[in-house]
Amino acid sequence: MSKSDTVRFRHNQAILVAAVIAFIGALPLANARGYLLPVLLVPLGVAVWAWRAGTDADARGLRLRALVGQRRIAWDQVVELATDPRGRAVARLDDGQQVTLPAVRGVDLPHLVSATGQTLPNGTVGTPGQ
């Protein structure tokens, strides 16, 4: 399977830009006193999270990526794709667990399903509890 068959969802890159600006802004503070040096870790952590976190979908399943670590979920484990009240996409698994998909909004669900090569019936998107 090639990388072009993978659908990627990432957070807005403006978060990364804001983290870089915050890092530059924190440099004078961190240089003022040695014990303030760990202040630089906050914008650095946000930058790494914004660059890395998200959801990748392909014909085999979903890969959920966070700041550290990742989780692979096969499509046969997914019972339902839906939206929560805040408009985020969630996957209900066959063991009853509900997993929020990082960087995927409810309006992105048809694009997410297209990664499997299938289509949504009547273009509908459900909400949990229906």
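Residues numbered from 1 in each chain as written. Predicted model: local features only at pLDDT ≥ 70, side-chain atom pairs only at ≥ 80, totals over all residues. Heavy atoms only, no water.

So what's going on with the overall build of the protein? Which residues, and what values?
The secondary structure content of the protein amounts to three helices and seven strands. Ordered by position from N to C terminus, the α and β elements of the protein give β-α-α-β-β-β-β-β-β-α. A burial count over the protein gives 32% of its 130 residues as buried. Across the protein, the fraction of contacts at a sequence separation of at least 24, relative to all contacts at a separation of at least 6, is 43%. In the form shown here, the protein has an accessible surface area of approximately 8100 Å², with 59% of it arising from carbon and sulfur atoms. (Helix = DSSP H or I, 4+ residues; strand = E, 2+ residues; numbered from the N terminus. Buried < 20%, exposed > 50% of the residue type's maximum accessible area, 1.4 Å probe, protein only. Contact = heavy atoms within 4.5 Å. Areas by Shrake-Rupley, 256 points an atom, 1.4 Å probe, with all protein chains shown as cover.)

Residues and numbers for the side chain of T55, please.
In this structure, T55 sits in strand β2 (residues 54-57). A residue is classified by how much of its surface remains accessible, and T55, at 0% relative accessible area, is buried. A polar side-chain atom of T55 sits 2.7 Å from the main-chain carbonyl oxygen of P102. The residues touching T55, leaving out its near neighbours within four places in the chain, are V7, R8, F9, R10, L62, R63, L64, L101, P102 and V104. (Polar contact = N/O pair within 3.5 Å; in protein donor to acceptor, adjacent residues only side chain to side chain.)

How would you sum up the sheet that holds strand β5 (residues 78-83)? Please name residues and give values.
Reading across from one edge, β5-β6-β7 is the order of the three strands in this open sheet, with antiparallel pairing throughout. The sheet is open, and its two borders are formed by β5 and β7 (98-105), each paired with just one other strand. Averaged over all adjacent pairs, the angle separating strand axes in this sheet is 25°, with direction ignored. Of the strand pairs in this sheet, β5 and strand β6 (residues 88-93) are connected by five bridges, and their pairing is antiparallel. (Pairing = 2+ DSSP bridges. Axes fitted to C-alpha atoms, helices over the stretch in contact; angles between N-to-C directions.)

Hey, could you go over the packing of helix α1 (residues 14-32) against helix α2 (residues 41-52) for me, with residue numbers and the actual values?
One way to put it is that α1 packs onto α2 with a least axis distance of 8 Å and a crossing angle of 160°. Judged on the interaxial angle alone, α2 and α1 are roughly antiparallel. Like other packed secondary-structure pairs, α1 and α2 cross with a definite hand, here left-handed. Mapping the contact onto sequence places I15, L16, A19, A22 and F23 in α1 and P43, V46, A47, W49 and A50 in α2. Counted by class, the contact of α1 with α2 contains ten nonpolar, no polar and no charged residues. (Parallel < 35°, antiparallel > 145°, perpendicular 65-115°, else oblique. Left-handed = near helix turned anticlockwise from the far one by under 90°. Nonpolar A, V, L, I, M, F, W, Y, C, P; charged D, E, K, R; others polar.)

From the geometry alone we can't say anything about function, so treat these as descriptive.
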